[in-house]
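Examining the three-dimensional arrangement
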Amino acid sequence: MALTVENFIKLANYYNQTAMLMSAICVQKGGIPMENYVGRMYAADVLEFIVEYARRLKADGKIAIPNDVQNVINRFGAEYERVKNLTTPTQKPIYEMTLEEFEKFMNI
């Protein structure tokens, strides 16, 4: 995926639609709080991807980022800071794991 502002906007729209759908699901299921919805981890992973995409977009000095897009980047960054503990952990290779990590990984 090429680093472009347009692609960032598409990703941002996808995340916003996902959040809206998750909210509707929570209402449909009797008004469960969003923090209790199992899909919150998926949303956190998507947000993590978008924030990283934005970081790379900003790091590329050749791409001009409009102010309104910069505001969205900042908002997503702040939101990610609140939910980053919900993201899927990065897996270590088994040979780098401690015995405790391996047992947890294998659910022993």
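Scroll up to find the structure this text is about.
Residues numbered from 1 in each chain as written. Predicted model: local features only at pLDDT ≥ 70, side-chain atom pairs only at ≥ 80, totals over all residues. Heavy atoms only, no water.

All right, on to helix 3 (residues 67–83) then. The end-to-end C-alpha distance of helix 3, which contains 17 residues, comes to 25 Å, matching closely the 24 Å that a straight helix rising 1.5 Å per residue would cover. Buried within helix 3 are the following residues: Val69, Ile73, Phe76, Glu79 and Tyr80. The buried residues of helix 3 occupy one face: seen down the axis, they fall within an arc of 130°. Turned more than 90 degrees from where helix 3 packs its buried face, Asn67, Asp68, Asn71 and Arg82 sit exposed. The inward-facing, buried residues of helix 3 abut helix 1 (5–28) and helix 2 (40–59). (Helix = DSSP H or I, 4+ residues; strand = E, 2+ residues; numbered from the N terminus. Expected span 1.5 Å × (residues − 1). Buried < 20%, exposed > 50% of the residue type's maximum accessible area, 1.4 Å probe, protein only. Arc of directions from axis to C-beta. Contact = heavy atoms within 4.5 Å.)

This part is about the packing of helix 2 against helix 3. One can describe the packing of helix 2 onto helix 3 by two numbers: an axis separation of 9 Å at closest approach and a directional angle of 135°. On the basis of their axis angle, the class for helix 2 and helix 3 is oblique. With respect to the hand of their crossing, helix 2 and helix 3 are arranged in left-handed fashion. Only Gln70, Ile73, Phe76, Gly77, Glu79, Tyr80 and Val83 of helix 3 make contact with helix 2, whose side of the interface consists of Ala44, Leu47, Glu48, Ile50, Val51, Ala54 and Lys58. Here the contact of helix 2 with helix 3 is built from residues that sort into nine nonpolar, two polar and three charged. (Axes fitted to C-alpha atoms, helices over the stretch in contact; angles between N-to-C directions. Parallel < 35°, antiparallel > 145°, perpendicular 65-115°, else oblique. Left-handed = near helix turned anticlockwise from the far one by under 90°. Nonpolar A, V, L, I, M, F, W, Y, C, P; charged D, E, K, R; others polar.)

The next subject is the nonpolar core. Core analysis: the largest hydrophobic core is formed by 19 residues, its most contacted members being Phe8, Tyr15, Leu47, Ile50, Val69, Ile73 and Phe76. Aside from chain neighbours lying at most four places away, what touches Val69 is Val5, Phe8 and Ile9. (Core = buried A, V, L, I, M, F, W, Y, C linked by side-chain atoms within 4.5 Å.)

Overall, the coordinates contain two aromatic pairs when judged by the stated rule. Measuring from centroid to centroid gives 6.4 Å for Phe8 and Phe76, while their planes differ by 55°, and the two rings are tilted. Of this pair, Phe8 sits in helix 1 while Phe76 sits in helix 3; the two residues are 68 residues apart in sequence, bridging distant segments of the chain. Judged on exposure class, the residue Phe8 and its partner Phe76 are both buried. Both rings, one in Tyr15 and one in Phe76, keep their centres 5.4 Å apart while their planes meet at 75°; by these two values the pair is edge-to-face. Here Phe76 lies in helix 3 and Tyr15 lies in helix 1, a separation of 61 residues in the sequence. (Phe/Tyr/Trp six-rings, centres within 6.5 Å; stacked < 30°, edge-to-face > 60°.)

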